[in-house]
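Summary of the model geometry
The residues making up each chain are set out below.
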Amino acid sequence: MAGVKGQVQKRGVARRRAMVDAAIELFARQGVRGTGVAAVAERAGVTPSALIHHFGSKDGLVQAVLEEADRRAMERLSVPPDAEPTLDQAFEWFVRDAAHTAAADRDLAALHTTLTAENLEPGAALHTWFRDRGRALRAHLTSLYARAMADGAVRAGLDPSVLAAETAAFIEGAHLVWLLDPEQVDLAAVHRGYFAGMAARLR
């Protein structure tokens, strides 16, 4: 029985992944508003009711797409969930991720930016998800700067939480500027310059 149960679970995971992949493809091509649940289900080879069973609603599916984008980024950078990188390692990760985004993930970046703007109000469906994601990012950055300060890699007297908010604001803003004019803005170069300047400033 245990073997059968395991096979069923694996099929369920594979089916869920197929639905998320289909949603990523269609959302990137047609936008979230222009893509219905039925279209995603058809692309994934499942029924609309099966899709709703897995995700609860279209908003749940959109959230799963965003979470998958984050998971792929961490996997691509080979970052373990409990990693405590040095300042140089973290800055290098951000530059590498920007280079990958510019080369291969513009659609997902655009989807993320658009949905952030659409969910600014507290009553919006994904407001809490975006708010909590932002808080988590700033918390990780605050810990990064605090560790660097404790290790002597960063000069004393700075506020890690302020540095974290500044870095998060740069990342979000740089993506927006690049998305608006990718022919004129080199996302990786902008990240490289910012983090090199930040490292010099902190030391």
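Remember, it's a predicted structure, so these values are computed and weren't measured experimentally.

Procedures and definitions
- Residues numbered from 1 in each chain as written.
- Predicted model: local features only at pLDDT ≥ 70, side-chain atom pairs only at ≥ 80, totals over all residues.
- Heavy atoms only, no water.
- Helix = DSSP H or I, 4+ residues; strand = E, 2+ residues; numbered from the N terminus.
- Expected span 1.5 Å × (residues − 1).
- Contact = heavy atoms within 4.5 Å.
- Core = buried A, V, L, I, M, F, W, Y, C linked by side-chain atoms within 4.5 Å.
- Buried < 20%, exposed > 50% of the residue type's maximum accessible area, 1.4 Å probe, protein only.
- 1 Å grid on protein atoms, 1.4 Å probe; cavity = no way out; pocket = protein on both sides within 12 Å on 5 of 7 lines; lining within 4 Å.
- Points joined across faces, edges and corners; volume = space filled by probe spheres on them.
- Nonpolar A, V, L, I, M, F, W, Y, C, P; charged D, E, K, R; others polar.

Taking 1.5 Å of rise per residue, 24 residues should cover 34 Å, and helix α7 (residues 127-150) covers 34 Å from first to last C-alpha, within 8% of that figure. Residues of α7 that are buried in the fold lie against α4 (58-76), α5 (87-104), α6 (106-118), α8 (160-180) and α9 (187-202). Downstream of α7 by one or two residues, Gly152 has phi in the positive range, about 85°.

This part covers the nonpolar core. The biggest cluster of nonpolar side chains holds 27 residues, and the ones touching the most others in it are Phe27, Val40, Leu51 and Val65. The biggest single contributor to this core is helix α1 (residues 2-30), with seven residues. Setting aside anything within four residues of it in sequence, one finds Val40 in contact with Met19, Ala22, Ala23, Leu26, Phe27, Thr35, Leu51 and Leu61. The next biggest cluster of nonpolar side chains, apart from the first, holds 26 residues, and it includes Met149, Val154, Ala164 and Tyr194.

Turning our eyes to something else, we now look at the environment of Tyr194. Of note, Tyr194 is situated in helix α9. Sequence separation between Tyr194 and Ala174 is 20 residues; the distance between their C-alpha atoms is 9.9 Å. Aside from chain neighbours lying at most four places away, what touches Tyr194 is Glu166, Thr167 and Phe170.

Right, let's get into the layout of surface pockets. If a probe as big as a water molecule is rolled over the atoms, it shows which places are left empty. The calculated volume of the second largest pocket comes to roughly 220 Å³. Taken together, the elements giving at least two residues each to the lining of the second largest pocket come down to α6, α7 and α8. With seven residues, the single largest contributor to the lining of the second largest pocket is α7. Each residue belonging to the lining of the second largest pocket can be placed in one class, and the counts come to three nonpolar, three polar and five charged.

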